[in-house]
Amino acid sequence: MTSQFEWSKIQPPETIESSRKYIFNDDLLPSLIKYIGVKKGDKLVDLGCGTGTFTRYLAKGLGKECEVIGVDSDRQYIEYAQKKVVEEDLVDCIDFIESDVYNLPFEDETIDSITDHTLLINLDNPDRFIKEELRVLKKGGSISTSTFLFNYYPPSRAINNPEFDQLLKIQQKVYKFYKDHIFPRSFLEGNELNIYLMMKRYKNLNIQDIQINGFFPLFSPDDYRNKDIRRQWLKEQLAVHSNDIKVILSNQEYLAICGIEENELNLALKLLEERYHYELDNTTYIFTNSMEVIISGKKAN
Ligand SMILES: C[S@@+](CC[C@H](N)C(=O)[O-])C[C@H]1O[C@@H](n2cnc3c(N)ncnc32)[C@H](O)[C@@H]1O
């Protein structure tokens, strides 16, 4: 589908970059590469690559001899991604292409491995997308999709705080805006990847050897080994969310479409800051838990 708004207008390249910084953790990279089923020398495609966060991460794990291609329809992201590969000395192994993922610019059965990070969950026609992936994938090639699984409960202090009810209401308006104008299936509204449904889609399209694996368990609530990393992450997440809200705030057109008053968004920002500071000031991370899952399989021979 063609979205009315480009994702980069809602989430500038810098904030998408910092939101991924701790997720794409070097320690987990070898397992992720195994789950994806990609081998050195393979031609790997990352769809809905955005600024190329996942693309670059995978390329680093595969080494310089790899051939990785990122595809996205958002020109601002693609241009940013191209600058990043120069900075990170990855030009020899990564290419970025501006294209719609429903019409991939590849010949039939020419790709060894195809993947995406948080794209499939946002698409309005997942089956059409998976069929297009299978068209370009070689027989026996690997296909995968990955996303966050959220399990979020507001801090206990929110229970008796009417301002948090207000925050939830404002958030619902923002999520509706995403759903109506950005991506119809946006996980932000709670339609997060239903892993069983996605596995079923893979199965119905005759994908073989389907597996599901978890990675990035960094935020497991009681894992004190990760305490410092988590605190740093929280600080940066606050910056990411604040920036995203400021981007919406600075655009009268978005505010009008969302049906959100400027003072409501300012309040949302204030509450968000409070929430993160609350978590930062407390050493137990009782209420927020999230992880990433990857579903993978192979095209039948
Ligand atoms: C949630 S972002 C994920 C970006 C990147 N994979 C990451 O995790 O950092 C979703 C991306 O999918 C892209 N996208 C959505 N629909 C698309 C389509 N039909 N064709 C190409 N790209 C699309 C958006 O432009 C956006 O960059």
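Note that the coordinates shown come from a computational prediction; the quantities given were computed from them, not determined experimentally.

1. A word on the overall build of the chain
Now for step 1: For the chain, the count of helices and strands is 11 helices and 7 strands.
Now for step 2: Every one of the 301 residues in the chain was classed for burial, and the buried ones make up 32%.
Now for step 3: Within the chain, contacts between residues separated by at least 24 positions form 81% of all contacts whose residues are at least 6 apart in sequence.

2. A look at the pairing of strand S1 (residues 43-47)
Now for step 1: Counting buried residues along S1, 4 of its 5 residues qualify, which places the element largely inside the surrounding structure.
Now for step 2: Here S1 pairs with strand S2 (residues 67-72) via 5 bridges, running parallel. Residue pairing across strands places Leu47 opposite Val71, the latter belonging to S2.
Now for step 3: Crossover handedness for the path S1 to helix H4 (residues 53-62) to S2: right-handed.
Now for step 4: Relative to strand S4 (residues 111-116), S1 runs parallel, the two sharing 4 bridges. Bridge pairing links Leu44 to Ser113 in S4.

3. A closer look at the site of the ligand
Now for step 1: Around the ligand, the surrounding shell holds 20 residues, and the nearest of these are Gly48, Gly50, Ser73, Asp74 and Val101.
Now for step 2: For the shell around the ligand, the secondary-structure elements that each account for two or more residues are helix H2 (13-20) and H4.
Now for step 3: In terms of residue class, the shell around the ligand is made up of 9 nonpolar, 7 polar and 4 charged.

4. Examining helix H6 (residues 126-136)
Now for step 1: Along H6, the residues classified as buried are Phe129, Ile130 and Glu133. Buried residues along H6 cover an arc of 95° about the axis, so they all sit on one side. Residues Asp127 and Lys131 are exposed on H6 and point more than 90 degrees away from its buried face.

5. A short note on the packing of helix H3 (residues 29-36) against H4
Angle between the axes and distance between the axes: these two values describe a pair of packed helices.
Now for step 1: Two numbers describe how H3 lies on H4: the axes approach to 10 Å, and their chain directions differ by 100°. What the angle tells us is that H3 and H4 run roughly perpendicular. Taken together, the residues of H4 that come into contact with H3 (itself represented by Leu29, Pro30 and Ile33) are Tyr57, Leu58, Gly61 and Leu62.
Now for step 2: For the contact of H3 with H4, the per-class residue count stands at 6 nonpolar, 1 polar and no charged.

Calculation notes
- Residues numbered from 1 in each chain as written.
- Predicted model: local features only at pLDDT ≥ 70, side-chain atom pairs only at ≥ 80, totals over all residues.
- Helix = DSSP H or I, 4+ residues; strand = E, 2+ residues; numbered from the N terminus.
- Buried ≥ 20, exposed ≤ 12 C-beta atoms within 10 Å, placed from the backbone.
- Contact = placed C-beta atoms within 7 Å.
- Pairing = 2+ DSSP bridges.
- Right-handed = clockwise from strand over helix to strand, strands pointing away.
- Near = placed C-beta within 6 Å.
- Nonpolar A, V, L, I, M, F, W, Y, C, P; charged D, E, K, R; others polar.
- Arc of directions from axis to C-beta.
- Axes fitted to C-alpha atoms, helices over the stretch in contact; angles between N-to-C directions.
- Parallel < 35°, antiparallel > 145°, perpendicular 65-115°, else oblique.

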